[in-house]
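A structural walkthrough
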Amino acid sequence: MSELSSPLPLPLPSLAATTALIQARRTNLRIDPDRDVDPALLTQLCALAAWAPNHHLTEPWRFAVITGEARAELGRRTANYVIARGMPDDERTAKVGVKYLRAPAMVMVGCASLADASESVRVEDRDAVASGIQNMLLAATAAGLCSFWGTGPVTDAPEVKALCGFALADIIVAALYIGWPLGDVPVPQRQAAVIHWVS
Ligand SMILES: Cc1cc2nc3c(=O)[nH]c(=O)nc-3n(C[C@H](O)[C@H](O)[C@H](O)COP(=O)(O)O)c2cc1C
């Protein structure tokens, strides 16, 4: 991945191509669970997160790639967490346990919590991680992959952080379902940008 240590000396994509890529990225769970994603491609997506803007260059992003049987363990830990928090151990909870089998790879993206960080650094670090995630999603789209940014109990559970190799104080910003598409989903429309121009 040495080519990712500095920008590529290639012509940049046009604004039209960049616009098309941004608009083509979709939150899409219509993923083939049985078609693996090459670990080198997943590594490349994670490496691209690091090109996000990052005040003070703290490099707060942390990654864990959960594949194979470990996806069931991710589900078990999330289900145990919701049960411990009072959710009944019923059919709905059972669904939590198998959710992560819907994609061949779950990429968990964390934000490191630096011990001596001020509140503003913590906020800005999380902003940087979110920017990095968008890099990942756009690159995944460009590679023909589909993706889904999930949150909820899976991003809160301490046992999930442990599975990911993250520190307890770290924040999980996204549980990304990544895989090859089985189909498209409708495009949610966006309002035109409301801009207050001042000159
Ligand atoms: C921080 C964050 C958390 C999200 N969590 C969820 C989620 O838990 N479940 C879900 O269905 N979508 C989640 N999404 C995806 C949004 O629902 C999705 O981006 C939105 O519906 C617009 O669709 P699009 O991404 O295809 O444009 C999340 C998005 C962000 C930025």
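As shown above, the structure is provided for reference.
Below: a short report on this structure. In every chain, residue numbers begin from 1 and rise along the written sequence. At least 70 in pLDDT is required for a residue's local features to be given in this predicted model, at least 80 for side-chain atom pairs to be given and counted, and no such filter applies to totals for whole chains, interfaces and linings, which use all residues.

**Comments concerning the overall build of the protein chain**
Starting at the N terminus, helices and strands are each numbered in turn, a helix being any DSSP run of H or I of at least four residues and a strand any DSSP run of E of at least two. Secondary structure assignment for the protein chain yields 7 helices and 4 strands. In the protein chain, the order of α-helices and β-strands from amino to carboxyl end is α-α-β-α-α-β-α-β-α-α-β. The reference for a compact globule is 2.2 Å times residues^0.38; the radius of gyration itself is calculated from the C-alpha atoms. Its C-alpha radius of gyration of 18 Å places the protein chain within 12% of the 16 Å reference for a compact globule of 199 residues. The principal-axis extent of the C-alpha atoms belonging to the protein chain is close to 55 × 45 × 40 Å. The proportion of buried residues among the 199 residues of the protein chain is 29%. Three exposure classes are used, based on other C-beta atoms lying within 10 Å of a residue's own C-beta, which is placed from the backbone: buried for 20 or more, exposed for 12 or fewer, and partly exposed in between.

**What to know about the nonpolar core**
Here, a nonpolar core means buried Ala, Val, Leu, Ile, Met, Phe, Trp, Tyr and Cys residues linked by C-beta atoms lying within 7 Å of one another. Judged by nonpolar contacts, the single largest core of 41 residues is most densely connected at Met106, Val107, Met108, Val109, Leu176 and Ile178. Elements supplying a minimum of two residues to this core: helix 2 (39-49), strand 1 (61-67), strand 2 (105-111), helix 5 (119-142), strand 3 (146-150), helix 7 (158-164) and strand 4 (171-179). Residue contacts for Met108: discarding those within four places in its chain leaves Ala64, Ile66, Cys164, Ile172 and Ala175. By the convention adopted here, residues are in contact when the distance between their C-beta atoms, placed from the backbone, does not exceed 7 Å.

**Regarding the packing of helix 3 (residues 70-84) against helix 4 (residues 91-98)**
Geometry is summarised by axes, namely lines fitted to C-alpha atoms with helices restricted to the contacting stretch, and by angles between N-to-C directions that run from 0 to 180 degrees. In the contact formed by helix 3 and helix 4, the axes pass within 6 Å of each other and the chain directions differ by 150 degrees. Between helix 3 and helix 4 lies a crossing whose hand is right-handed. The segment helix 3 lies against helix 4, with Gly75, Arg76, Thr78, Ala79, Val82 and Ile83 engaging Thr93, Val96, Gly97 and Val98. The class makeup of the residues in the contact of helix 3 with helix 4 is 5 nonpolar, 4 polar and 1 charged. Here a crossing is taken to be left-handed if its near helix is turned anticlockwise relative to the far helix by less than a right angle, and right-handed if that turn runs clockwise. In the scheme used here, Gly and all other residues not listed as nonpolar or charged are polar, with Ala, Val, Leu, Ile, Met, Phe, Trp, Tyr, Cys and Pro taken as nonpolar and Asp, Glu, Lys and Arg as charged.

**Observations concerning the packing of helix 2 against helix 5**
It is at 7 Å that the axes of helix 2 and helix 5 come closest, and there the two elements cross at 140 degrees. Taken together, the axes of helix 2 and helix 5 are oblique relative to one another. Between helix 2 and helix 5 the crossing geometry is right-handed. Where helix 2 approaches helix 5, its residues Leu45, Leu48 and Ala49 are matched on the opposing element by Gly132, Ile133, Asn135, Met136, Ala139 and Ala140. Residue composition of the contact of helix 2 with helix 5, by class: 7 nonpolar, 2 polar and no charged. Throughout this description, any angle smaller than 35 degrees is read as roughly parallel, any larger than 145 degrees as roughly antiparallel, any in the 65 to 115 degree range as roughly perpendicular, and the remainder as oblique.

**Description of the site of the ligand**
Any residue whose C-beta atom, as placed from the backbone, lies within 6 Å of a molecule or strand is termed near it. Every residue close to the ligand is listed here: Arg26, Thr27, Trp149, Gly150, Thr151, Gly152 and Pro188. Class assignment of the residues belonging to the shell around the ligand gives a composition of 2 nonpolar, 4 polar and 1 charged.

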